[in-house]
Amino acid sequence: MNNDFLKYQAQTSPYPLGMEVSHAIGSYIYDTNNKKYLDFVAGVSACTLGHQHPRVNDAIKNQLDKYSHVMVYGEYSQSPAVEYCKILAAHLPFPLETTYLVNSGTEATEGALKLARRITGRSQLISCHNAYHGNTMGSMSVMGFEERKQIFRPLVPDVDFITFNNEDDLQKITTKTAGIILETIQGGAGFIQPYDGFLKKVRARCTEVGAIMILDEIQPGFGRTGKLFGFQNYDVVPDIVIMGKGMGGGMPVGGFTASQKNMDLLSDNPKLGHITTFGGHPVIAAACLATLQELTETSIMTDTLAKEKLFRTLLVHPLIKEIRGEGLMLAAMTENAEITNKVIFKCQDKGLILFWLLFEGCAIRITPPLTISNEEIEEGCKIILEAMNEILNEN
């Protein structure tokens with residue numbers, strides 16, 4: 001491992017994987033020894049179209065030749081951002097029509113929470129146990145995992161928590177509630193999907209008491225579940241939708257979308273209710289636009305469902321207890337974290353990149369680029385099964 005990486009670049013854990021990257025293309029990442037790794041993680045769901053996708057790269061290069069950053073967000077009309085927001089609105093249900101572009105998913109969460117309070121004039125926020133919406137102070141306040149946030153307290157006050165898929169807990173949403181924030185599919189908790197119409201019941205309760213329903217699509221969004229956004233699989237429309245990760249085809253970006261009427265509240269009383277210097281950056285917006293066009297003009301999104309079936313057909317093994325998730329947002333569940341760790345490390349040695357989920361130690365993250373081929377899926381699954389067979393033989 002590069003010692004300068006450990007000394008000069010701040011780390012997120014004591015034991016980073018430390019691969020020294022040379023280049024990446026398609027579904028593969030290459031290290032500085034020119035060893036290639038099949039990528040089943042896609043930058044934690046960020047590289048929607050794989051690495052170095054020609055349409056995204058061309059859009060970035062073309063925009064660089066025109067202009068880069070020219071003005072703080074919201075002052076100048078810059079065509080990549082305007083065109084992106086317009087096309088995005090065309091693919092979202094009414095009244096989700098106006099998008100605020102920011103730099104990351106966690107900033108989008110911050111903006112959405114502020115907007116919910118601004119709309120309602122209320123303070124209470126509700127989230128879910130084991131939820132993850134980002135790691136800045138406001139986003140951390142609605143994180144449902146005390147172990148990761150206790151040392152940073154005090155956080156934003158007046159936050160309560162419910163259990164995902166627990167209908168009885170919805171009575172906690174009252175006329176004092178500004179908004180409830182939910183992941184459409186709980187990511188860090190283990191790719192847990194809503195069932196028994198849970199999201200529709202949340203929607204009904206929010207409408208009843210005048211609370212804002214915020215859906216976090218940072219992981220499920222942009223085609224990963226077979227539709228542009230995961231909530232479109234559940235016949236529900238939130239008041240605010242949060243996005244990030246796969247939105248920019250590997251570039252850093254986030255956004256939140258609401259009705260124009262509600263979003264306008266951030267522009268006055270007070271002015272600059274939310275502000276960001278680099279949000280809507282024209283080069284990033286060009287990458288977002290190219291990604292969105294590729295997703296909506298091809299069969300990539302619907303193809304994810306056939307690819308999911310292929311994964312489920314191939315990944316049958318005594319060490320896999322179940323496969324959770326939808327489309328290409330999958331988690332192979334093992335019996336314990338020790339097995340999961342062994343599988344991930346063995347697969348990396350064999351040239352396959354897998355990863356963990358934040359809070360569920362038994363889960364093996366499988367979130368490849370949506371452009372991954374059937375042959376690459378077969379190649380990767382073969383490596384997983386080989387690693388699992390070795391683990392069985394060691395015991």
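This one's a predicted model, so the numbers in the text were calculated from it and none came from an experiment.

Turning to the packing of helix 12 (residues 337-349) against helix 13 (residues 374-394), a few remarks are in order. With their axes 9 Å apart at the nearest point, helix 12 and helix 13 run at an angle of 125 degrees to one another. Relative to helix 13, the element helix 12 lies oblique. As helix 12 runs across helix 13, the sense of the crossing is right-handed. Side by side, helix 12 and helix 13 meet where I339, K342, V343, K346 and C347 of the first sit next to I383, I384, A387, M388, E390, I391 and E394 of the second. Classifying every residue of the contact of helix 12 with helix 13 gives eight nonpolar, no polar and four charged.

Bringing the environment of V142 into the picture now. The topology assignment puts V142 in the loop between helix 6 (137-141) and helix 7 (146-149). Other than its neighbours up to four places away in sequence, V142 contacts L113, L125, S127, A131, H133, V159, F161 and I181.

The N-to-C vectors of helix 4 (residues 79-90) and helix 10 (residues 282-297) enclose an angle of 30 degrees; their axes lie 8 Å apart at closest approach. Between helix 4 and helix 10 lies a crossing whose hand is left-handed. Residues P80, A81, E83, Y84, I87 and L88 of helix 4 lie in contact with helix 10, whose contacting residues are P282, A285, A286, C288, L289, L292 and Q293. Here the contact of helix 4 with helix 10 is built from residues that sort into eleven nonpolar, one polar and one charged.

This paragraph deals with the packing of aromatic side chains. By the definition in use, this model includes ten aromatic pairs. A centroid spacing of 5.5 Å and a plane angle of 65 degrees characterise the contact between F345 and W356, whose relative ring orientation is edge-to-face. In this pair, F345 sits in helix 12 while W356 sits in the loop between strand 13 (352-353) and strand 14 (363-366), placing the two residues eleven residues apart along the sequence. For W356, a relative accessible area of 22% translates into the label partly exposed. Grouping aromatic residues by their ring pairs yields a cluster made of Y73, Y100 and F256. The ring of Y28 is capped by K36, whose NZ or CZ atom sits 4.5 Å from the centre of that ring.

Read from one edge of the open sheet, seven strands run 4-10-9-8-7-5-6, paired in mixed fashion. Only two strands of the sheet have a single neighbouring strand rather than two, namely strand 4 (98-102) and strand 6 (159-162). Direction aside, neighbouring strands of the sheet carry axes that sit 20 degrees apart on average. Pairing analysis gives three bridges linking strand 8 (residues 212-216) to strand 9 (residues 240-243), with the strands arranged parallel. Directly across from D216, in strand 9, lies its bridge partner I242. Along the sheet face, helix 4 touches strand 4, strand 9 and strand 10 (254-258) and points at about 135 degrees away from the line of strand 4. Running over the sheet, helix 5 (residues 105-120) touches strand 4, strand 5 (124-128), strand 7 (177-183), strand 8, strand 9 and strand 10 and is turned about 165 degrees from strand 9.

Cut-offs and rules
Throughout, a residue's number is its position along its own chain's written sequence, starting from 1. At least 70 in pLDDT is required for a residue's local features to be given in this predicted model, at least 80 for side-chain atom pairs to be given and counted, and no such filter applies to totals for whole chains, interfaces and linings, which use all residues. Excluded from the side-chain calculation are hydrogens and water; included are all heavy atoms of the structure. Think of each axis as a best-fit line through the C-alpha atoms, taken over the contacting stretch in the case of a helix, with angles from 0 to 180 degrees between the N-to-C directions. The numbering of helices and of strands both runs from the N terminus, where a helix is a DSSP run of H or I of at least 4 residues and a strand a run of E of at least 2. By the definition adopted for this analysis, an angle is roughly parallel if under 35 degrees, roughly antiparallel if over 145, roughly perpendicular if from 65 to 115, and oblique otherwise. Put simply, a crossing is left-handed when the front helix is turned counterclockwise from the back one by less than a right angle, and right-handed when it is turned clockwise. The contact criterion used throughout is that any non-hydrogen atoms of two residues lie within 4.5 Å. Amino acid classes used here: Ala, Val, Leu, Ile, Met, Phe, Trp, Tyr, Cys and Pro are nonpolar; Asp, Glu, Lys and Arg are charged; the rest, including Gly, are polar. Between rings of Phe, Tyr and Trp, where Trp is taken as its six-membered ring, a pair exists when centres lie within 6.5 Å; planes separated by under 30 degrees are stacked, by over 60 edge-to-face, and by other angles tilted. Exposure classes here rest on a 1.4 Å probe applied to the protein chains alone. A residue is buried below 20% of its type maximum, exposed above 50%, and partly exposed in between. Comment: the charge-over-ring label is applied if NZ (Lys) or CZ (Arg) is within 6 Å of the ring centre and within 35 degrees of the ring normal. The rule for pairing is simple: two strands pair if DSSP sees at least two bridges between them.

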